Amino acid sequence: MFTRHVWRQLAAHIDGELSPQKAGQVERHEAQCAECRAEREQIGFGMEMLDHLPPVEPPDAIWTSIESALQEHRRPKRSAAWRLESRPFESNPWRWAFAATFVLAVAGAAYWTLARHAGTRWDVVRIDGAPVVNQKAIRGEGRIGAGEWIETDSGSRATVKVGEIGSVEVEPNTRLRVVTARPGEHRLALARGEIRAKISAPPRLFFVDTASGTAVDLGCEYTLDADKDGSGLLRVTKGWVSFQWKGTGWKDLESLVPAGASCRLHPSVGPGIPYFDDAPESLKQALDAFSFERAGFGFDKAAYGALDVVLAEARVRDTLTLWHLLSRVQNEDRARVYDRIASLTPVPQGVSREQALKLDPETLRRWKDELAWTW
Amino acid sequence: MLRLCIAVCVFAAFALGQEFKFTIGSPVASQDFQMKSAAFVFRTEGCAEPAKSQIGATAEGLVKGARRSVALKVTAVASKPGVYAVFQAWPAEGDWVVSLKGACAGANAGAVIPIGAKGFVRESSKFFPRPATDSEIDAALKALAQGENK
């Protein structure tokens, strides 16, 4: 049983070079050691960055100099005069200068490539307690870059300035990683806890990955809360957010969550069905009966009763919920959902019942654009 | 018979012609991220050339018993002709409504939108085929101050 850290074995483990017994020991230790897990992530990040380095062909001259040096090493000792003539580097210091310049150029190119891929570093301001950035507690201000973690305990909070587009408040008991810090992509990964994002930027520049999917900022302020297993809640206070999930075995899911609405998240089924926070409690409770047990499709009898409640309790504004339900219920229920929406607000021109029940994308988009005026 | 024909013609004229009016919504209806902080957005309906319509808005308020009026800038949503946004330019103190007025090809429209603690109050908004009168604005402010529309 390992009682010491396994940092030295991590790189070999990532490359699959350890024996099965050693690999199992490393994995069991990692499961109990946060430091080694963090170190693994750093190593993995570094190895990933190396994969991005462009191959550079050295000039022929460097091989010539290497061969000359090897030949000189094998040749027996000669006179001082002869030695001076046959050691080109000592007689011609410009070769040394060239070799040194070449090495520096390669190192500079590697550093520039790494820096370009890693992006810039963002400011971190401590609000309470002692938040930890990259395994180091910060007292006032710090900086965080791509691949690095920020973690808060029950008594600490911090604000991360997200480039030039906004900020994220990191609440207590939160673990958050900066995935990408580039002008064209600002991406975080929320492992657990709660963050409050305030973003002022064109859409699709700010992303937060969770185990339940990705929150895509469309110009907004929101709170995202996630448990260790990825369950959580997205609540939007300004603007709107698209929460997207690439399902395995199911079609991809996307939930549009406008200001004043929330959406539950679950790691195995992605985003739930959005609802307005002022919706009737009975409607919200009925929504909870959907999807999380049946992956959002094929409702059982208990869920069938819940659909009745949602349809009965829905107000005009709750067409937000009903519109999302259209693509998450089976055919016979879909017609009921369509009819309920049509009873609450006029169906716009260009939206036919037949096409809507077939989930025609253009039809659904046109209907959503019109329904949004009631949300 | 003549009266019946006239009545039918008038009815047909009304039925075929769409009334010029406003529809209000939350910023998500604009689908433009630049409008996300707007107090609300609105669109004109029944206007054949929205780009030529004349739209204006004022914030009408009651602050410590005194009546106040603030001219507002109406921001057009570039990607959606006929859609506009109103941003808060009135003080947080007091009770406020937004009065919209518009004109298109000789037709007029108006609306009074109460602003509550959580934003615009859709259910209490009133729409008119002309600009709202002072008495209609005062009535909306009075209802807001009495907590009816918050």
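Counting restarts for each chain: residues are numbered from 1 in the order of the written sequence. Going through the entries in the order they are written, you letter the chains from A and number the ligands from 1. Totals for whole chains, interfaces and linings use every residue, but because this is a predicted model, local features are given only for residues with pLDDT of at least 70 and side-chain atom pairs only at 80 or more, for both listing and counting.

(A) Examining the overall build of chain A more closely. Counting from the N terminus, the helices are the DSSP runs of H or I reaching at least four residues and the strands are the DSSP runs of E reaching at least two. In terms of helices and strands, chain A carries 13 helices and 16 strands. Exposure in this text rests on C-beta crowding, where 20 or more other C-beta atoms within 10 Å of a residue's own make it buried, 12 or fewer make it exposed, and counts in between make it partly exposed. The C-beta atoms are placed from the backbone. Expressed as a percentage of its 375 residues, the buried residues of chain A come to 30%. Here contacts are defined at the residue level, using C-beta atoms placed from the backbone and a cut-off of 7 Å between them. When contacts within chain A are restricted to residue pairs at least 6 apart in sequence, long-range pairs at least 24 apart make up 45% of them.

(B) Representation of the overall build of chain B within the structure. The helix and strand tally for chain B stands at two helices and 10 strands. In chain B, the succession of helices and strands from N to C terminus is α-β-β-β-β-β-β-β-β-β-β-α. Put simply, of all contacts in chain B between residues at least 6 apart along the chain, 57% involve residues at least 24 apart.

(C) Looking closely at the nonpolar core. If you look at the biggest cluster of nonpolar residues, it comprises 102 residues, and the most contacted ones within it are Leu234 and Val241 of chain A together with Val97 of chain B. Ranked by the residues each element gives to this core, the list is headed by strand E11 (residues 213-226) of chain A, at six residues. Annotation comment: domain bounds sourced from an automatic or database domain assignment. Viewed by domain, this core spans two of them, domain 3 (120-272) and domain 4 (277-375) of chain A, each represented by three or more residues. For Val97 of chain B, the contacting residues outside a window of four places in its chain are Glu60, Val112, Ile113, Pro114, Ile115, Ile137, Ala140, Leu141 and Leu144 of chain B. The term nonpolar core refers to a set of buried Ala, Val, Leu, Ile, Met, Phe, Trp, Tyr and Cys residues connected through C-beta atoms within 7 Å.

(D) Spatial organisation of the packing of helix H10 (residues 319-326) of chain A against helix H13 (residues 361-371) of chain A. Residues and elements named next belong to chain A. The contact between H10 and H13 brings their axes to 11 Å, and the two run at 170°. The angle between the axes of H10 and H13 places the two elements in the roughly antiparallel class. Contacts between H10 and H13 involve Thr319, Trp323 and Leu326 on the former and, on the latter, Leu364, Trp367, Lys368 and Leu371. Here the nonpolar group is Ala, Val, Leu, Ile, Met, Phe, Trp, Tyr, Cys and Pro; Asp, Glu, Lys and Arg are the charged ones; every other residue, Gly included, is treated as polar. Its residues assigned to classes, the contact of H10 with H13 comprises five nonpolar, one polar and one charged. Lines fitted to C-alpha atoms define the axes here, with helix axes fitted over just the stretch in contact, and angles between the N-to-C directions of these axes take values from 0 to 180 degrees. Put simply, angles under 35 degrees are roughly parallel, angles over 145 are roughly antiparallel, angles from 65 to 115 are roughly perpendicular, and the rest are oblique.

(E) Structural view of H10 of chain A. Buried residues dominate H10 of chain A, accounting for seven of its eight residues. Those residues of H10 of chain A lying buried are Thr319, Leu320, Thr321, Leu322, Trp323, His324 and Leu325 of chain A.

(F) The arrangement of unusual backbone geometry in detail. Residue and element names in this part refer to chain A. Non-glycine residue Asn134 carries a positive phi angle of around 55°. The partly exposed category is assigned to Asn134, around which 18 C-beta atoms lie within 10 Å. Not every positive phi belongs to a glycine, and Gln135 is a case in point at roughly 70°. Along the chain, Gln135 turns up in the loop between strand E2 (132-133) and strand E3 (136-137).

(G) Structural view of the interface of chain A and chain B. Facing the 13 residues of chain A at the interface are nine residues of chain B. Of the residues in the side of chain A that touches chain B, the class split is 10 nonpolar, two polar and one charged.

(H) Region of the structure containing the packing of H10 of chain A against helix H11 (residues 331-344) of chain A. All names here are of chain A. At a minimum axis separation of 9 Å, H10 and H11 run at an interaxial angle of 150°. Here H10 lies roughly antiparallel to H11, going by the angle between them. Read as a crossing pair, H10 and H11 show a hand that is left-handed. Contacts between H10 and H11 pair Thr319, Leu322, Trp323, Leu325 and Leu326 from the former with Arg334, Val337, Tyr338, Arg340, Ile341 and Leu344 from the latter. When its residues are assigned to classes, the contact of H10 with H11 shows eight nonpolar, one polar and two charged. In this scheme, a crossing is called left-handed if the near helix is turned counterclockwise away from the far one by less than a right angle; it is called right-handed if the turn is clockwise.

(I) Summary view of the pairing of strand E6 (residues 157-162) of chain A. All names here are of chain A. Side chains of E6 alternate between two faces, with Ala158, Val160 and Val162 buried and Arg157, Thr159 and Lys161 left unburied. Being paired, for any two strands, means DSSP has found at least two bridges between them. Where strand E1 (residues 122-128) and E6 come together, four bridges link them in antiparallel fashion. Bridge pairing in E6 links Val124 to Val160. Sheet analysis places E6 next to strand E7 (residues 166-170), joined by five bridges and oriented antiparallel. Across the sheet, residue Ala158 finds its bridge partner in E7, namely Val170. Hairpin connection between E6 and E7: a loop of three residues separates the two successive antiparallel strands, and Gly163 in this loop has a positive phi of roughly 50°.

(J) Structural view of the confidence of the model for chain A. All names here are of chain A. pLDDT measures the predictor's confidence residue by residue and takes values from 0 up to 100. Residues with a pLDDT of 70 or more make up 76% of chain A, whose mean pLDDT is 82. Across chain A, the secondary-structure element scoring lowest on mean pLDDT is helix H5 (residues 80-86), at 51, and the one scoring highest is strand E5 (residues 149-151), at 97. Counting contacts from residues 293-299, a segment whose pLDDT is below 50, to residues more than four positions away or on other chains yields 15 contacts.

(K) Inspection of the sheet that holds strand E5 (residues 74-76) of chain B at higher detail. Residue and element names in this part refer to chain B. With antiparallel pairing, the four strands of this open sheet are ordered in space as E1-E2-E6-E5. The open sheet has two free edges, formed respectively by strand E1 (21-25) and E5, since each of these has just one partner strand. Strand-to-strand twist across the sheet, computed as the mean angle between neighbouring axes with direction ignored, equals 30°. Pairing of strand E2 (residues 40-45) with strand E6 (residues 83-86) involves four bridges; the strand directions are antiparallel. By the bridge assignment for E6, Arg43 is matched with Val83.

(L) Inspection of the environment of Arg340 of chain A at higher detail. Relative to the elements of secondary structure, Arg340 of chain A occurs in helix H11. The contact partners of Arg340 of chain A, leaving out residues within four places of it in the chain, are Leu311, Ala314 and Leu322 of chain A.

(M) Structural context of the environment of Ile199 of chain A. With respect to the helices, strands and loops of the structure, Ile199 of chain A is situated in strand E9 (residues 185-199). In this view, Ile199 of chain A contacts Ile165, Gly166, Phe206, Asp217 and Cys220 of chain A; residues no more than four positions away in its chain are not counted.

(N) Main features of the confidence of the model for chain B. Here chain B averages 89 in pLDDT, and 87% of its residues register 70 or above. Across the whole predicted complex the pTM is 0.72, and at the interface the ipTM reaches 0.87.

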